[in-house]
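A look at the structure
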Amino acid sequence: MYQILVVDDDESIVAVVTAALEREGYAVTAAQNGEEACLKVQRNRPHLVIMDVMMPQCNGILATMRIRQNNNVPILMLSAKAEGSDRVIGLEAGADDYLVKPFYQQELLARVKALLRRYDDLGSIRETKSDDEIRVGNITLNTATKQLVVRGESVRLTATE
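Now for a look at the structure at hand.

Reading the values: rules and limits
- Residues numbered from 1 in each chain as written.
- Predicted model: local features only at pLDDT ≥ 70, side-chain atom pairs only at ≥ 80, totals over all residues.
- Heavy atoms only, no water.
- Helix = DSSP H or I, 4+ residues; strand = E, 2+ residues; numbered from the N terminus.
- Buried < 20%, exposed > 50% of the residue type's maximum accessible area, 1.4 Å probe, protein only.
- Contact = heavy atoms within 4.5 Å.
- Areas by Shrake-Rupley, 256 points an atom, 1.4 Å probe, with all protein chains shown as cover.
- Lys, Arg positive; Asp, Glu negative; His and termini not counted.
- Charge placed at Lys NZ, Arg CZ, Asp CG, Glu CD.
- Salt bridge = Lys/Arg side-chain N within 4 Å of Asp/Glu carboxyl O.
- Arc of directions from axis to C-beta.
- Polar contact = N/O pair within 3.5 Å; in protein donor to acceptor, adjacent residues only side chain to side chain.
- Pairing = 2+ DSSP bridges.

1. Focus: the overall build of the protein chain
Helix and strand counts for the protein chain stand at 5 helices and 10 strands. A buried classification covers 42% of the 161 residues belonging to the protein chain. Taking as baseline every contact in the protein chain between residues at least 6 positions apart, the subset at least 24 positions apart corresponds to 52%. In the form shown here, the protein chain has an accessible surface area of approximately 9,400 Å², with 49% of it arising from carbon and sulfur atoms. Looking at the protein chain, you have 19 positive and 23 negative side-chain charges, and the mean spots of the two groups are 4 Å apart.

2. Let's talk about the pattern of salt bridges
For the coordinates displayed, the defined rule picks out 8 salt bridges. Across the pair Lys113 and Glu24 runs a salt bridge, and its minimum N-O distance is 3.2 Å. Within this pair, whereas Lys113 is found in helix α5 (residues 105-121), its partner Glu24 is found in the loop between α1 (11-23) and β2 (27-31), the two being separated by 89 residues in sequence. The exposure class of Lys113 is partly exposed, given its relative accessible area of 36%. For Glu24, a relative accessible area of 39% puts it in the partly exposed group. Residue Arg111 is joined to Asp97 by a salt bridge in which the shortest nitrogen-to-oxygen separation is 2.7 Å.

3. Focus on the environment of Leu78
Tracing the chain through its elements places Leu78 in strand β4 (residues 75-79). We classify Leu78 as buried; its relative accessible area is 2%. The contact partners of Leu78, leaving out residues within four places of it in the chain, are Val17, Ile50, Met51, Asp52, Val53, Leu99, Lys101, Phe103 and Leu108.

4. Examining helix α3 (residues 60-68)
All of the buried residues in α3 are Gly60, Ile61, Ala63, Thr64 and Ile67. Viewed along the axis of α3, the buried residues span an arc of 165°, placing them on a single side of the element. Taken together, the buried residues of α3 touch α2 (34-44), β3 (48-52), β4 and α4 (84-93). Structurally, the start of α3 carries an N-cap: the backbone nitrogen of Ile61 is 3.0 Å from a side-chain oxygen of Asn59.

5. A closer look at the pairing of strand β8 (residues 139-142)
The alternating pattern of β8 places Thr140 and Asn142 on a buried face and Ile139 and Leu141 on a face that is not buried. As paired strands, strand β7 (residues 133-136) and β8 are joined by 4 bridges and run antiparallel to one another. Residue pairing for β8: Ile134 is matched across the bridge by Leu141. Examined bridge by bridge, β8 and strand β9 (residues 147-150) share 4 bridges and lie antiparallel to one another. Bridging from a neighbouring strand, Ile139 pairs with Val150 of β9. Counting the residues in the hairpin turn of β8 and β9 gives 4 residues, including Lys146, whose phi is positive at 60°.

6. Structural notes on unusual backbone geometry
Following Lys101, the chain continues to Pro102 via a peptide bond in cis, the omega torsion being -10°. You can see Pro102 is positioned in the loop between β5 (97-100) and α5. Despite not being glycine, Arg45 has its phi angle at roughly 50°, a positive value. Here Arg45 is to be found in the loop between α2 and β3. In this structure, Gln57 is a non-glycine residue whose phi angle is positive, near 65°.

This is the structure in structure tokens:
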């Protein structure tokens, strides 16, 4: 089950987004400002962050920049700011997508699914590394035994590979 962090100081937005995501089977936690979001990303390691731009204490742009320093979690920005320059600032700060308020719930859910699908398929969410094993998505390479497994099936490697 995917864990999604919703960050917004407007409780009604958090309630609407949370309800929509939970209906789709996602686990949701919330934060009310950027400071709290940064702490929850560090502590809970969510699979996706939905971040409002305008919040007290630490706004969404600053929080996104701080999260990006050491985390590759997908970030979807939500904002009432619809200007092209605002979108560019959000994306350049490290957001993966930008959705303007008010938004259609179906569009929000479609963007969430697309971000999770892309990051999960490319291994950014599920990537794990140990001393002997490298796993990216459904590909596993055991460096000690020199075995490669793709989608549960062993792949024969040449001596050079």
